[in-house]
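Structure at a glance
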Amino acid sequence: QVQLVESGGGLVQPGDSLTLSCTATSSCPFDFYAMGWFRHAPGKEREFVAAINNRGTTSLYVDSVKGRFTICKNNTNSAGYLQMNSLKPEDTAVYYCAARYSVANEYFYTQTSYDYWGQGTQVTVSS
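All of the points below concern the structure found in this document. Just so it is clear, the structure is predicted and the values come from calculations on it, not from any experiment.

**Brief notes about the pattern of salt bridges**
Applying the stated criterion to the full structure yields four salt bridges. As a salt-bridge pair, Lys66 and Asp63 come within 2.9 Å of each other at their nearest N and O atoms. The exposed category is assigned to Asp63, whose relative accessible area is 60%. Residue Asp91 pairs with Arg68 through a salt bridge whose shortest N-O separation is 2.8 Å. With Asp91 in the loop between strand 8 (79-84) and strand 9 (93-101) and Arg68 in the loop between strand 6 (59-61) and strand 7 (69-74), the pair connects residues that are 23 residues apart, well separated along the chain. By the burial criterion, Asp91 is buried, and Arg68 matches it. One network of salt bridges, with partners in common, ties together Arg39, Glu47, Arg68 and Asp91.

Printed below as a string of structure tokens:
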């Protein structure tokens, strides 16, 4: 059983930056897990945002956030992060972190690939 808790969401102005955190509690080391971030905006389906492999060495981003968002992973602290820069109103959503057991040095971008999910944190970008 893995527990994930997101934090760091809030209300920010367009162009601002925000860092989301995802803390993990598990009996296995965190480098045994790949991680991803998804978001659910009003009126839309939940969509993929970013993913990183278990070692934290390779990553993948949806086109709309490339160059603005950075996913990273700290296996010593059992935590994942989503660094968000140049935020736009279109980024407003509930953001979820997800994890799956993996020691194959792979990342995953589909929701069905992940077994464990956090409760979500609200990000609102507005003037």
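**Quick look at the nonpolar core**
Trp37, Leu82, Met84 and Tyr95 are the most contacted members of the largest nonpolar core, which totals 28 residues. If you list the elements that add at least two residues to this core, you get strand 3 (18-25), strand 4 (33-40), strand 5 (47-52), strand 7, strand 8, strand 9 and strand 11 (121-125). Setting aside chain neighbours within four positions, we find Leu82 in contact with Leu18, Thr19, Leu20, Trp37, Val49, Ala50, Phe69, Thr70, Ile71 and Tyr95. Counting residues in hydrophobic clusters, the runner-up holds seven residues, among them Phe48, Ala51, Phe108 and Tyr114.

Thresholds, definitions, all that
- Residues numbered from 1 in each chain as written.
- Predicted model: local features only at pLDDT ≥ 70, side-chain atom pairs only at ≥ 80, totals over all residues.
- Heavy atoms only, no water.
- Salt bridge = Lys/Arg side-chain N within 4 Å of Asp/Glu carboxyl O.
- Buried < 20%, exposed > 50% of the residue type's maximum accessible area, 1.4 Å probe, protein only.
- Helix = DSSP H or I, 4+ residues; strand = E, 2+ residues; numbered from the N terminus.
- Core = buried A, V, L, I, M, F, W, Y, C linked by side-chain atoms within 4.5 Å.
- Contact = heavy atoms within 4.5 Å.

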